[in-house]
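Listed below are the residues making up each chain.
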Amino acid sequence: MLDTRKREIRIKADAVREKCKVSRYGIIDLFKECERLGYKLIRYPLGEKADLGFALKRDDDIVIFINSSCRLSREIFTLAHEMGHIILHFNGESRFVDNSTTIAGQSDDEKEQEANYFAAYLLMPSDEVDRFFDLELSKSNGENLTGLDIARMMSEFSVSYDMVLNRLESLQKIDSNQKLCLDTERAEKRVGNLLRSIGGNARLNSAGNEIDIPYEYIDYVIYNYNHKAIPKETLEKVLECYHLSLEDISDRIDIMTDDNDDLADLIGGLED
Ligand SMILES: [Zn+2]
């Protein structure tokens, strides 16, 4: 990636970050920010082996899907990566699907690398990392960093242990040897334990399995059901995602007179 392009991406990520609510160093809740930016965000547990996420443009909507079977820190990175595609690449293409290869930076595709660069800068801008080193660690480089320091950064920036190590290496705070040592320390002590011992956000390290679907999708599904475009089973499945049943929306759905069960209910009701 050319330096001029990198700078362009930093400017765009910075503009997004400026709109976000930030705690001392990191964005507090990127999921909320994404909705505030007008994107339709869907989080659903598709299973660990499924794709990590996608972004697509459909009519006037920009939809981001995130697989919530992943660890929360990974979900957040995937979201930042998808936002990168939307902001950097949605003028030419209107659909990106991501798996562990594209997100882990193992893809040669320039757009994938750009989306990862955007995500890294959005979540951990270099000046905020410098500030953390100065104010919290009282040092300017990564000498004598411990796993606990990495866990503190994870918690402050809402990112994974891996992401902190990769970011510190690319910002030349640590070299590959230090990275290896910190990686070994992680394997010995486990990230969850490190996070707990600093009173950090242990949720980052476990799968949320969240289900989060924009509310207006219910209207769309009910409309399709009332116009007989989808069967009752599909309607029920979608409602399940919102923790709702048919009864909860009974005033909004047309009664299917050809449904034998409903007819039986009706006759039963008359007999009473
Ligand atoms: Zn991608």
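Everything in this summary refers to the structure shown in the same document. Please read all numbers here as calculations on a predicted model, not as lab measurements.

Conventions we followed
- Residues numbered from 1 in each chain as written.
- Predicted model: local features only at pLDDT ≥ 70, side-chain atom pairs only at ≥ 80, totals over all residues.
- Heavy atoms only, no water.
- Donors = N, O, S within 2.8 Å, 3.2 Å for Na, K, Ca; no water.
- Helix = DSSP H or I, 4+ residues; strand = E, 2+ residues; numbered from the N terminus.
- Buried < 20%, exposed > 50% of the residue type's maximum accessible area, 1.4 Å probe, protein only.
- 1 Å grid on protein atoms, 1.4 Å probe; cavity = no way out; pocket = protein on both sides within 12 Å on 5 of 7 lines; lining within 4 Å.
- Points joined across faces, edges and corners; volume = space filled by probe spheres on them.
- Nonpolar A, V, L, I, M, F, W, Y, C, P; charged D, E, K, R; others polar.
- Pairing = 2+ DSSP bridges.
- Axes fitted to C-alpha atoms, helices over the stretch in contact; angles between N-to-C directions.
- Contact = heavy atoms within 4.5 Å.

## Some details on the coordination of the zinc ion
Protein ligation of the zinc ion involves His81 (NE2), His85 (NE2), Asp98 (OD), Asp98 (OD) and Glu112 (OE), the donor distances falling in the range 1.9 to 2.6 Å. Read N to C, the donor residues that coordinate the zinc ion are spaced as H-x3-H-x12-D-x13-E. One end of the pair, His85, is in helix α3 (residues 72-89); the other, Asp98, is in strand β4 (residues 95-98), and 13 residues separate them in sequence. When sorted by exposure, His85 lands in the same class as Asp98, which is buried.

## Re the layout of surface pockets
Rolling a probe over the atoms, with the probe sized like a water molecule, indicates the empty space that remains. One number sums up the size of the largest pocket: a volume of about 770 Å³. Around the largest pocket sit 25 residues that line it, and Phe77, Ile103, Ala104, Met163 and Asn166 are the ones nearest its centre. The set of elements that each furnish at least two residues to the lining of the largest pocket consists of α1 (3-19), α3, α5 (110-123) and α8 (161-170). Take the lining of the largest pocket: its biggest share by element is six residues, from α8. Looking at the lining of the largest pocket residue by residue, the classes come out as 10 nonpolar, eight polar and seven charged. By volume, the second largest pocket amounts to about 570 Å³.

## Describing the sheet that holds β4
One open sheet accounts for four strands, arranged β1-β3-β2-β4; its pairing is mixed. At either margin of the open sheet sits one strand with a lone partner, and together these are β1 (40-44) and β4. Strand after strand, the sheet turns through a mean of 15° between neighbouring axes, direction not considered. Taken together, the four bridges between strand β2 (residues 53-58) and β4 define a ladder with antiparallel strand orientation. When the bridges of β4 are listed, Ala55 appears paired with Phe96. Packed on one face of the sheet, α3 meets β1, β2, β3 (61-67) and β4 and runs near 155° to β3.

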